[in-house]
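Here's the letter readout for the chains.
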Amino acid sequence: MSSIGIDAVEIWSGNLELDLTTTFADEKGDDPEKYAKGLGLHASSLPDAYEDIVTMGANAAQRLMDRKELAPEDVGRIDVATESSFDNSKPVSTYIAGCLEQVYDGDFHHANKGERKFACIAGTQSLNDAYNWIRAGRNRGRAALVVATDTALYARGDAGEATQGAGAIAMLVDEDPSLVALSPEQGYGSADETDFLKPNQQFPSVDGKRSIQVYLDRMLEAGQQFETQTSSVHPTDFAYIPFHTPFPGMVRKVALLGFRHTVRGTPMEEHLADDIGLQPRETEFDDRDAYEAAIRDYMDDLRQTDEYEGWYADRIEPTLALSRKVGNWYTGSVHIARVSALLDAYSAGKDLAGDHLLVGSYGSGAQAEMHAETVMDGWQNEIRQLTIDDQIADRHDLSFEEYEAIHDVHNYDKDVPRTRFTTPSSEFVFDGWGPMGERQYRFV
Ligand code: CAA
């Protein structure tokens, strides 16, 4: 059978921007370096008063359909991944299909629609569902539309407030894709965890420090299982390694862990040993605490080696470029990390076709997944058409008072005027509630 994967992507950023290193840091009395260097974030994209998960998802999907010259009958499946849903019954995909039907001839009545929930990993799960549907031959020549859309807002004053974000990415999954083909091999790391959850509440309850450890534990578990599916996994096998990026500082931690794990027992470990010794082995220690302390020391040395720094600069850092400017997009986060990498390769004039990516997805609660992707011949043509840099540049830069006002607009417990800061143009907008509490949308 031919390869299956992502044929094209389109991105829609929230139209507002909160600058973390100036506006937010000033208000909080924090050192801007905490955001720029520590978390690795410069700004968050936020939704204007007329934006939500439906408008951003529909806007990204419309761009994708226009660019790929698709009609509704070409799409056999619409899956929306989100952890910002506002309805426990009616899926967001029906709203997005309804929006698209306002602007296209035809309809999506024969497309299967659903909504995927498993925190941030749901976007990747939806990709996998689409892959499996096509692999099973049930698509009958049609493609799947996967939309990952979130308004990642935290309660004001929560430690997570600096990692907010809002945006959507629409991905077309098809046979013989132009962008990347997905590997059938996958590794999972999954456990019942309470690191981050929203038990019927809008804003998350987060155990921030623990969430970092759970992310690392599950990702290592997923990586170990992925290794059992393939002959070998070495960090230099992959042109880029996009990870779920709640904030770039998190990826700094997981990249070091992954590098240490995958070079263990390889000639690279021997080569590094000249400078920093071999990695500690648990059998050499009487107790676990002593072993862990030795591992921490080793990792402190490892991160400063030229080999690690060069690898990180080439294969990890470029995946973080968009995230630094838009914050956490939850379900879309790992997918914009992939786009960041491909934009980097495109602007550097690299020929990536046939190269591999290793993609590490994560959702709190908690589950990680790793799979590989092969970059396809048409990748440059797809990537060069993206407008995300212009969208980022065009955002309205909020003052702190404006930020508080827009946060209140999106807070379900507050009833405040829906004052907007930008003027929508050629996009779907939220247009109030209908008689059954349903949300209504129109194209302006
Ligand atoms: N200069 C340079 N660096 C500085 C600094 C300064 N002046 N001040 C602080 N830093 C560094 C800190 O050392 C720290 O880095 P390290 O972890 O590498 O040591 C980093 O900046 C952050 O500082 P704090 O730990 O003090 O920040 P915090 O406690 O205010 O918040 C957080 C951090 C707990 C992650 C918080 O942002 C949070 O709760 N975020 C939401 C949860 C989250 O994103 N978890 C990630 C894993 S879960 C997941 O991935 C799912 C998801 O999408 C939510």
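Up top is the structure.
None of the values given here were measured: they were computed from a predicted structure.

So, about the overall build of the protein. Of regular secondary structure, the protein possesses 15 helices and 15 strands. Here the C-alpha atoms of the protein give a radius of gyration of 22 Å, agreeing with the 22 Å that 2.2 N^0.38 yields for 444 residues. The principal-axis extent of the C-alpha atoms belonging to the protein is close to 70 × 55 × 40 Å. The buried share of the protein, reckoned over its 444 residues, is 58%. The contacts of the protein with a sequence gap of at least 6 include a subset with a gap of at least 24, amounting to 78%. Split by element, the accessible area of the protein, about 18,200 Å² in all, is 45% carbon and sulfur. Distance from the positive charge centre (40 side chains) to the negative charge centre (77 side chains) of the protein: 3 Å.

Attention now moves to the pattern of salt bridges. Note that side chains of opposite charge can pair when their charged atoms are close. The final tally for this structure, using the stated rule, is 23 salt bridges. The partner of E193 in a salt bridge is R218, and the shortest N-O contact between them spans 2.5 Å. Here E193 is found in the loop between strand 8 (180-190) and strand 9 (196-197), whereas its partner R218 is found in helix 6 (residues 208-229), with 25 residues between them in sequence. In this structure, E193 and R218 share a single accessibility class: buried. By sharing partners, the salt bridges in this structure join D7, E10, R67, K68 and E382 into a single network.

End to end, helix 4 (residues 92-103) covers 18 Å across twelve residues, agreeing with the expected 16 Å (1.5 Å per residue, within 8%). Restricting attention to buried positions, one finds in helix 4 the residues V92, S93, Y95, I96, A97, C99 and L100. Residues of helix 4 that are buried in the fold lie against helix 3 (53-67), strand 4 (75-81), strand 5 (112-116), strand 6 (143-152), strand 14 (428-433) and strand 15 (439-443).

Throughout the structure, instances matching the rule amount to 17 aromatic pairs. Between F196 and Y330 the ring centres are 5.8 Å apart and the planes differ by 85°, which places this aromatic pair in the edge-to-face class. Pair noted here: F196 is in strand 9 and Y330 is in the loop between helix 11 (321-326) and helix 12 (333-347), with a separation of 134 residues, a long-range link. Between F259 and Y308, the ring centres sit 5.1 Å apart and the planes meet at 80°, which makes this aromatic pair edge-to-face.

We now examine the environment of I11. Positionally, I11 belongs in strand 1 (residues 4-13). When the C-alpha atoms of I11 and L64 are compared, they prove to be 8.6 Å apart, with 53 residues separating the residues in sequence. Setting aside residues up to four positions removed in sequence, I11 forms contacts with A60, R63, A168, I169, L322, W329, I336, V339, I388 and Q391.

What follows is about the pairing of strand 8. Two elements, strand 1 and strand 8, share two bridges in a ladder whose sense is antiparallel. Considered in strand 8, the bridge of I6 is made with V180.

Ranked by internal contacts, the top residues of the largest apolar core, which has 57 residues, are Y215 and F243. Top contributing element to this core by residue count: helix 7 (residues 248-263), with eight residues. When sequence neighbours within four positions are dropped, the list of residues in contact with Y215 reads F243, H244, P246, M250, V251, V254 and Y362. I6, A144, I336 and L342 belong to the second-largest nonpolar core, a separate cluster that totals 39 residues.

Near the ligand lie 26 residues; those nearest to it are K34, K209, S211, K253 and N328. K209 has a polar side-chain atom sitting 2.5 Å from an oxygen atom of the ligand. One of the side-chain nitrogen or oxygen atoms of S211 is found 2.8 Å away from a nitrogen atom of the ligand. For the ligand, the protein covers 74% of the area, taking 1,000 Å² as the surface of the free molecule.

Before going further, it helps to examine a negative patch on the surface. Side chains of E270, D274, D275, D306 and E309 sit close together on the surface and give a patch of like negative charge. Of all the secondary structure elements, the ones that give two or more residues to the negative patch are helix 8 (267-276) and helix 10 (306-315). Considering the arrangement of structural elements, one finds D306 in helix 10. Looking at D306, the relative accessible area reads 62%, which means it is exposed.

Let us now look at the pairing of strand 14. Across four bridges, strand 14 lies against strand 15 in antiparallel orientation. Across the sheet, W433 pairs through a bridge with R439, a residue of strand 15. Hairpin connection between strand 14 and strand 15: a loop of five residues separates the two successive antiparallel strands, and G437 in this loop has a positive phi of roughly 80°.

Spatially, the eight strands line up as an open sheet ordered 5-4-6-7-1-8-12-11, and their pairing is mixed. Of all strands in the sheet, those with a lone pairing partner are strand 5 and strand 11 (356-363), marking the two edges. Pairs of neighbouring strands in the sheet enclose a mean axial angle of 25°, with direction left out of account. Note: strand 1 against strand 7 (residues 165-175), nine bridges, orientation antiparallel. What sits directly across from V9, in strand 7, is M171. On the sheet, helix 3 packs against strand 1, strand 6 and strand 7 and is oriented at approximately 125° with respect to strand 1.

Glancing now at the side chain of D79. Following the sequence through the fold, D79 ends up in strand 4. The class for D79 is buried, based on a relative accessible area of 6%. Separated by 2.6 Å, the side chains of D79 and R77 make a polar contact. The residues contacting D79, other than those within four sequence positions of it, are G114, S126, L145, V146 and V147.

How each quantity is defined
Residues numbered from 1 in each chain as written. Predicted model: local features only at pLDDT ≥ 70, side-chain atom pairs only at ≥ 80, totals over all residues. Heavy atoms only, no water. Helix = DSSP H or I, 4+ residues; strand = E, 2+ residues; numbered from the N terminus. Rg over C-alpha atoms; globule rule 2.2 N^0.38 Å. Buried < 20%, exposed > 50% of the residue type's maximum accessible area, 1.4 Å probe, protein only. Contact = heavy atoms within 4.5 Å. Areas by Shrake-Rupley, 256 points an atom, 1.4 Å probe, with all protein chains shown as cover. Lys, Arg positive; Asp, Glu negative; His and termini not counted. Charge placed at Lys NZ, Arg CZ, Asp CG, Glu CD. Salt bridge = Lys/Arg side-chain N within 4 Å of Asp/Glu carboxyl O. Expected span 1.5 Å × (residues − 1). Phe/Tyr/Trp six-rings, centres within 6.5 Å; stacked < 30°, edge-to-face > 60°. Pairing = 2+ DSSP bridges. Core = buried A, V, L, I, M, F, W, Y, C linked by side-chain atoms within 4.5 Å. Near = heavy atom within 4 Å. Polar contact = N/O pair within 3.5 Å; in protein donor to acceptor, adjacent residues only side chain to side chain. Patch = residues over 30% accessible without salt bridge, like charges linked within 9 Å, V, L, I, M, F, W, Y side chains within 5 Å. Axes fitted to C-alpha atoms, helices over the stretch in contact; angles between N-to-C directions.

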